[in-house]
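Residue-level structure breakdown
Residues per chain, in single letters:
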Amino acid sequence: MAKLPMYQQIKRDLLDRIARGDYSPDVPFTTQREICDRYGVSMLTAARALTELQQEGALVSSRGRGTFVAARRPAASASAAPPTITCIIPALTSGDVMDVVRGVERTAAALGFTTSIVDVEGSWERQREALRRSTHSAAVIVYPVDGPGDADSVTYLREAGVPVVFVDRYWPELPAAAVLIDNHEIGYHLASRLIERGFDRIGTLWVETDCTSVRDRQAGHLRALREHGVAVDAELLAMRDYLTQPDDARHRMLKSAIEHGSSPIGFVCSNGFVLEQALADAIELGLEVPDNVDFAGTDRKVGRKSSIPPLTAVTAILPQRAVGEAAARIACEAARHGRMPDPSHVTLSAEFVERESSPFQLQLVRRRGA
């Protein structure tokens with residue numbers, strides 16, 4: 001079995017000393033500083049060992065006097081609160097993220113853990129705060145925001161003995177357990193399918209641009225173009241934010257791409273929100289779908305139904321709930337055995353759905369919006 005984290009080794013040693021009678025209930029217990037000196041650990045590790053001993057009833061704290069060995073260890077209560085898995089997510093606005101959360105909650109509950117959900121609203125700083133506040137969690141599952149990694153905060157948690165598992169994306173500079181979706185295969189398949197439909201110009205439309213899931217998806221697009229002998233147009237494949245741009249900027253991007261060449265263009269959209277917006281923009285601009293432009297991307301669900309209209313498109317159904325379930329199993333097992341999870345990646349595959357051409361429906365949608 002893997003070696004126990006230091007705070008648990010310290011707890012075990014202190015409990016042995018208490019059982020031998022090394023500490024009297026009427027004499028102040030050893031301090032954080034003394035623990036640091038004795039075991040050669042940080043103040044954070046010493047504090048966690050003492051805090052958990054208090055939570056478990058081995059120690060009691062008296063205001064103004066200090067911490068003491070409990071006169072009599074209470075028996076474990078059947079109603080004691082179960083340990084908590086903290087799940088840090090970028091936002092609650094996405095159905096994909098909520099599917100991950102549901103998978104985590106259901107699996108954690110089945111394994112005897114509760115789940116605390118922390119929505120950082122897309123903020124890197126809030127994500128950092130959430131990570132550093134989670135030192136008393138049994139384990140942490142983090143779905144990183146778009147942007148640079150934060151290896152220091154994960155190291156901070158590990159030093160406190162808290163296992164960390166990533167979902168959907170990871171930080172390349174930090175070896176860590178992660179449950180991912182095969183984004184390279186998604187990028188490859190979606191671009192390939194558009195090429196097979198006759199599009200010899202392929203572009204991409206993004207929202208997030210600085211995370212491993214996006215970079216893996218782009219690598220899949222490029223592989224598809226190379227294998228099918230399609231020219232790589234750097235302008236069309238530029239990793240620029242499309243979704244959050246104002247209407248006129250998005251419209252210019254689409255029109256410019258279409259007018260840039262003489263042949264039809266297929267766009268691979270980074271997620272369901274981008275796919276929906278791109279289809280709506282094409283309708284508003286009066287573009288001919290699929291004759292002049294077509295779109296492929298990942299599906300987005302509202303409840304159990306797809307929010308993508310059945311126009312010409314290829315979509316990828318993401319196994320987000322399975323991602324949450326797998327991450328929870330890894331996190332709960334690591335917490336239960338008091339060890340760090342193996343720094344390996346579990347990769348799940350997406351399901352691809354071919355949508356039939358429906359230009360007639362596109363005309364109906366256009367008239368309703370007129």
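Residues numbered from 1 in each chain as written. Predicted model: local features only at pLDDT ≥ 70, side-chain atom pairs only at ≥ 80, totals over all residues. Heavy atoms only, no water.

Scanning the protein chain from N- to C-terminus turns up 12 helices and 15 strands. Within the span of the protein chain, comprising 370 residues, buried residues form 47% of the whole. Across the protein chain, the fraction of contacts at a sequence separation of at least 24, relative to all contacts at a separation of at least 6, is 71%. Of the roughly 17,600 Å² of accessible surface on the protein chain, 49% is carried by carbon and sulfur atoms. (Helix = DSSP H or I, 4+ residues; strand = E, 2+ residues; numbered from the N terminus. Buried < 20%, exposed > 50% of the residue type's maximum accessible area, 1.4 Å probe, protein only. Contact = heavy atoms within 4.5 Å. Areas by Shrake-Rupley, 256 points an atom, 1.4 Å probe, with all protein chains shown as cover.)

Okay, helix 6 (residues 151-159) next. Among the residues making up helix 6, those that are buried are Ser153, Val154 and Leu157. Across the axial projection of helix 6, the buried residues extend over an arc of 100 degrees, all falling on one side. Elements in contact with the buried residues of helix 6: helix 5 (124-132), strand 5 (139-142) and strand 6 (164-167). Note on helix 6: the residue one or two positions beyond its end, glycine 161, has a positive phi of about 80 degrees. (Arc of directions from axis to C-beta.)

Here the focus is the pairing of strand 10 (residues 293-298). Taken across its six residues, strand 10 has six buried, putting it largely inside the fold. Pairing between strand 9 (residues 265-269) and strand 10: four bridges, direction parallel. By the bridge assignment, isoleucine 265 is partnered in strand 10 with valine 293. For the handedness criterion, the β-α-β arrangement of strand 9, helix 10 (residues 272-285) and strand 10 is classed as right-handed. (Pairing = 2+ DSSP bridges. Right-handed = clockwise from strand over helix to strand, strands pointing away.)

With that settled, the discussion passes to the packing of helix 7 (residues 183-196) against helix 8 (residues 212-227). The relative placement of two packed helices is expressed as an angle between their axes plus a distance between the axes. One way to put it is that helix 7 packs onto helix 8 with a least axis distance of 6 Å and a crossing angle of 40 degrees. It follows from the interaxial angle that helix 7 and helix 8 lie oblique. The handedness of the crossing between helix 7 and helix 8 is right-handed. Counted together, Asn183, His184, Glu185, Ile186, Gly187, Tyr188, Ala191, Ser192 and Ile195 of helix 7 and Ser213, Asp216, Arg217, Ala219, Gly220, His221, Arg223, Ala224, Leu225 and Glu227 of helix 8 form the full contact between these two elements. (Axes fitted to C-alpha atoms, helices over the stretch in contact; angles between N-to-C directions. Parallel < 35°, antiparallel > 145°, perpendicular 65-115°, else oblique. Left-handed = near helix turned anticlockwise from the far one by under 90°.)

This part covers the pattern of salt bridges. One pass over the full model with this rule turns up 21 salt bridges. A salt bridge links lysine 11 to glutamate 52; the shortest N-O distance between them is 3.0 Å. Residue lysine 11 is found in helix 1 (residues 6-20), and its partner glutamate 52 is found in helix 3 (residues 43-55); the two are separated by 41 residues along the sequence. Residue lysine 11 is classed as buried on the basis of its relative accessible area of 10%. (Salt bridge = Lys/Arg side-chain N within 4 Å of Asp/Glu carboxyl O.)

The next subject is the packing of helix 2 (residues 32-39) against helix 3. Interhelical geometry of helix 2 versus helix 3 gives an angle of 115 degrees and a closest axis separation of 9 Å. Of the two possible hands of crossing, helix 2 and helix 3 adopt the one that is right-handed. Residues Gln32, Arg33, Ile35 and Cys36 of helix 2 lie in contact with helix 3, whose contacting residues are Met43, Ala46, Ala47 and Leu50. Its residues placed into classes, the contact of helix 2 with helix 3 shows six nonpolar, one polar and one charged. (Nonpolar A, V, L, I, M, F, W, Y, C, P; charged D, E, K, R; others polar.)

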